Amino acid sequence: MDRRHWVMDYETLLNCFIAVFEDIKSEYREIFVIHKERNDCLEFITFLERNILLEEWHVSFNGLAFDAQVTEHILENKEQLLEMSGEDVALFIYGKAQDTIRKQNEGEWAEFAPWKMQIRQVDVFKLNHWDNAAKRTSLKWAQYSMDWQNIQDMPIHHSTEIKTLEQIDSIIGYCINDVASTKAIMYRSKKEIALRQELTKEYNINLYSASEPRIAKELFAMFLSKKTGIKKYDLKQLRTYRDKLIVKDLLLPYIKFETATFQRLISKFKDLELDPLDLKGSFKYSVRYKSITTHFGLGGVHGARKDVYTSDDQYVIMTSDVTSFYPNLAIRNGWAPAHLPKDEFCEQYEWFFDERKKIPKSDPRNYVYKIVLNSTYGLSNDENSFLYDPELTMRITLNGQLSLMMLYEMICEGIPNAVPLMHNTDGLETRIPRKYVDKYMEICAEWEKITNLMLEHDTYQKVILADCNNYIAITEGDDPSVKCKGRFVFEDLPLHKNKSFLCIRKAIYDYFVKGIEPEVSIKENKNIFDFCGGKRANAGWDYFKEYVENGEHKKDKLQKTIRYYISKEGGKIVKINYLDEREFVTEAGKWLQTMFIDYVEKPFEEYDINYDYYIKRAKREIELLEPNRNQLQLF
């Protein structure tokens, strides 16, 4: 028998079970139906046993929490199931599926841990960390983000009694579409899967479906266990819980300021007494300095001066970032979670940093060590991690932002006519007279000596700045590079991000970087997906399309995840709360929309795109970014 690995998906309905498997290297499929009209139970179980025998893998979307749980339950009860009717088997599986969903929704542990599973799994949902609240992503949304041809929701509710073969064929078609899109995600994640395969083999830890934080947690635990002699299991049980945090006791002695503005700021911090269980949003403070407002919290600092800035013969935009800022704050100051041996922790943490510097970026280990270095800070504030100690978290974030503000003040006080443009977490941008570049570097070197940290520098020829999270920056030099952040990113967007109306982002980029007017950029774009927007209905809400047909007003209920574009003809998409009947239009004003759940290929002019909408939005964004471009001499 030839060995294959399979991308798979299940559909579990009240009286019908459907399983679709597709070979990862071809379009060969195995499809199984369990229903009173067709009972493939024997063939399905035989197929699963073959998977076990040949060590064939299953690739899924959220399979570890659902599909694989159903698989293991079927294998565990196979003898009983083979004696039952198709209808009873489907009902049995349905009951297990609903119980699995209930446990997941209530935060209970799954019945079968990955290491207990008879068939090995790669879960692209877990691997991409889409189970994290900040990145929460459904398969439908991933399909939208990939410009998938069909993002249709399940055509039949799971509680519906399936009576006809036509209904079964419809569900099979839906399931095939989900498998194909999961396969596409798998190929997009090819490097990530290969990395996890290599790590699994090298360290003998199953990391095939591991998110980056879990990789960091597992590898740090393994290395630290060897270094300290503490068994890995025992190490993972350790935590440090705090009743309160006195901020003045956490600040580094070198944190000092010259100006009254920042002296008041540090006094505010020194007066803080924090509840470690209620840190988020518990402190907010802003200062106005050099005509820019800077916002402080417990997690970091940010400030920006919205406008478009350029370098010229007289002025240059300097950008400076702290090298591995948060890891190095801990390493250079000897900080560690209180429950871990300090010397061993710091030595191991520094080893990851030093080793990474020796390894080329093309080597996967470079990326792995980067994951470990950057994730450790976050894990220190994660109660599910053995690195948990909120005091370490606060030492890093509070001293980090205040150290950066020291550099900010030193530059602005030490260089005449310095104009601060932006600062955020680990770096800052400043427009200074070119004749003071050497002075700028001297100030940075002095700061490095005080803090024992390192800076990396570059110069920008142009910065299009909306705020500290949304900007375009173009470097100086013969071969300039362009950095896009936030809402200006239009290439290689992560699938959990919203890529709506990408043609507008491209038009803004073309205008500022290439000098192309929005009308030209937008009308030359012939990718219909770039004109599409996407929306997801939260719990309690549904989408409807309102339109007039033959003089009659109509309202059609839509699916939970929708894709649409702005058209000259069409209807209005509204969102309605089915509990209190609150109603909101998706696009305010005169703009009409055309639903685009299924891709239809036709001559581009037949899509009936309303270009005015996209051009006006692009121009409005450009106008908001350029209001003061001739007033820089005021600062």
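For the structure itself, consult the block above.
Trainee: Could you clarify how one ought to interpret the sheet that holds strand E23 (residues 572-577) in this entry?
Mentor: Adjacent strands of a sheet pair through backbone hydrogen bonds, lying either parallel or antiparallel. Here we have four strands laid out as an open sheet, ordered E21-E20-E23-E24, and antiparallel in their pairing. The open sheet has two free edges, formed respectively by strand E21 (552-557) and strand E24 (583-585), since each of these has just one partner strand. In this sheet, adjacent strand axes meet at a mean angle of 30° when their direction is disregarded. By the bridge criterion, six bridges tie strand E20 (residues 541-549) to E23 in an arrangement that is antiparallel. Across the sheet, Trp541 pairs through a bridge with Asn577, a residue of E23.

Trainee: Before we go on, may I ask you to explain the side chain of Gln593 in this structure?
Mentor: As for its placement among the helices and strands, Gln593 is situated in strand E25 (residues 592-595). When residues no more than four places from it in sequence are discounted, the contact partners of Gln593 are Lys545, Tyr564, Tyr565, Ile566, Ser567, Gly570, Gly571, Lys572, Ile573, Thr586 and Glu587.

Trainee: Teacher, can you tell me more about the packing of helix H15 (residues 390-414) against helix H16 (residues 437-451) here?
Mentor: A pair of packed helices is captured by two measures, namely the crossing angle of their axes and the spacing between those axes. As a packed pair, H15 and H16 sit with axes 10 Å apart at the nearest point and diverge in direction by 150°. Regarding the angle of H15 to H16, the classification is roughly antiparallel. Regarding H15 and H16, the two cross each other, and that crossing is right-handed. Across the interface between the two elements, Ser403, Leu404, Met406, Leu407, Met410, Ile411 and Gly414 from H15 touch Lys439, Tyr440, Ile443, Cys444, Glu446, Trp447 and Ile450 from H16. For the contact of H15 with H16, the class distribution of residues is ten nonpolar, two polar and two charged.

Trainee: When you look at the nonpolar core in this model, what are you seeing that I'm missing?
Mentor: Proteins that are soluble and globular tend to have nonpolar side chains buried together. Membership of the largest hydrophobic core comes to 85 residues, with the highest contact counts inside it found for Leu219, Phe262, Phe269 and Phe345. Residue contributions to this core peak at 13 residues, all from H15. Residues within four places of Phe269 in sequence aside, it is in contact with Val247, Phe283, Phe296, Gly297, Leu398, Gln401 and Leu402. Core analysis: the second largest hydrophobic core is formed by 75 residues, Trp57, Trp141, Trp541 and Ile562 among them.

Trainee: It is not clear to me how unusual backbone geometry should be interpreted in this structure. Could you clarify?
Mentor: Most peptide bonds take the trans form, and the phi angle of most residues other than glycine is negative. Phi at Lys290 takes a positive value of approximately 55°, unusual for a residue other than glycine. Structurally, the position occupied by Lys290 is in the loop between strand E9 (285-289) and strand E10 (292-296). By relative accessible area, Lys290 is classed as partly exposed at 36%. Of note, Ser324 is a non-glycine position whose phi angle comes to about 40°, a positive value. Mapped onto the elements, Ser324 comes out in the loop between strand E13 (315-322) and helix H12 (325-333).

Here is what the cut-offs are and how they apply
The written sequence of each chain sets the order in which its residues are numbered from 1. The predicted origin of the model limits local features to residues at a pLDDT of at least 70 and limits the giving and counting of side-chain atom pairs to 80 or more, whereas totals for whole chains, interfaces and linings rest on all residues. Hydrogen atoms and water are omitted, and side-chain values are computed over all heavy atoms in the structure. By this definition, two strands are paired if DSSP reports at least two bridges between them. The numbering of helices and of strands both runs from the N terminus, where a helix is a DSSP run of H or I of at least 4 residues and a strand a run of E of at least 2. To obtain each axis, a line is fitted to C-alpha atoms, and for helices this fit is confined to the stretch in contact; angles are then taken between N-to-C directions over 0 to 180 degrees. Note on contacts: a residue pair is in contact if any heavy atoms of the two residues lie within 4.5 Å. For classification purposes, an angle smaller than 35 degrees is called roughly parallel, one larger than 145 roughly antiparallel, one from 65 to 115 roughly perpendicular, and anything else oblique. Crossing handedness is defined as follows: a turn of the near helix away from the far one that is anticlockwise and smaller than a right angle gives a left-handed crossing, while the clockwise case is right-handed. Side-chain classes are defined by residue name, with Ala, Val, Leu, Ile, Met, Phe, Trp, Tyr, Cys and Pro counting as nonpolar, Asp, Glu, Lys and Arg as charged, and the others, Gly among them, as polar. Within this scheme, the nonpolar core is defined by two criteria: the residues are buried Ala, Val, Leu, Ile, Met, Phe, Trp, Tyr or Cys, and they are joined through side-chain atoms within 4.5 Å. A 1.4 Å probe rolled over the protein chains alone gives each residue an accessible area, and that area as a share of the maximum for its type sets the label: buried under 20%, exposed over 50%, partly exposed in between.

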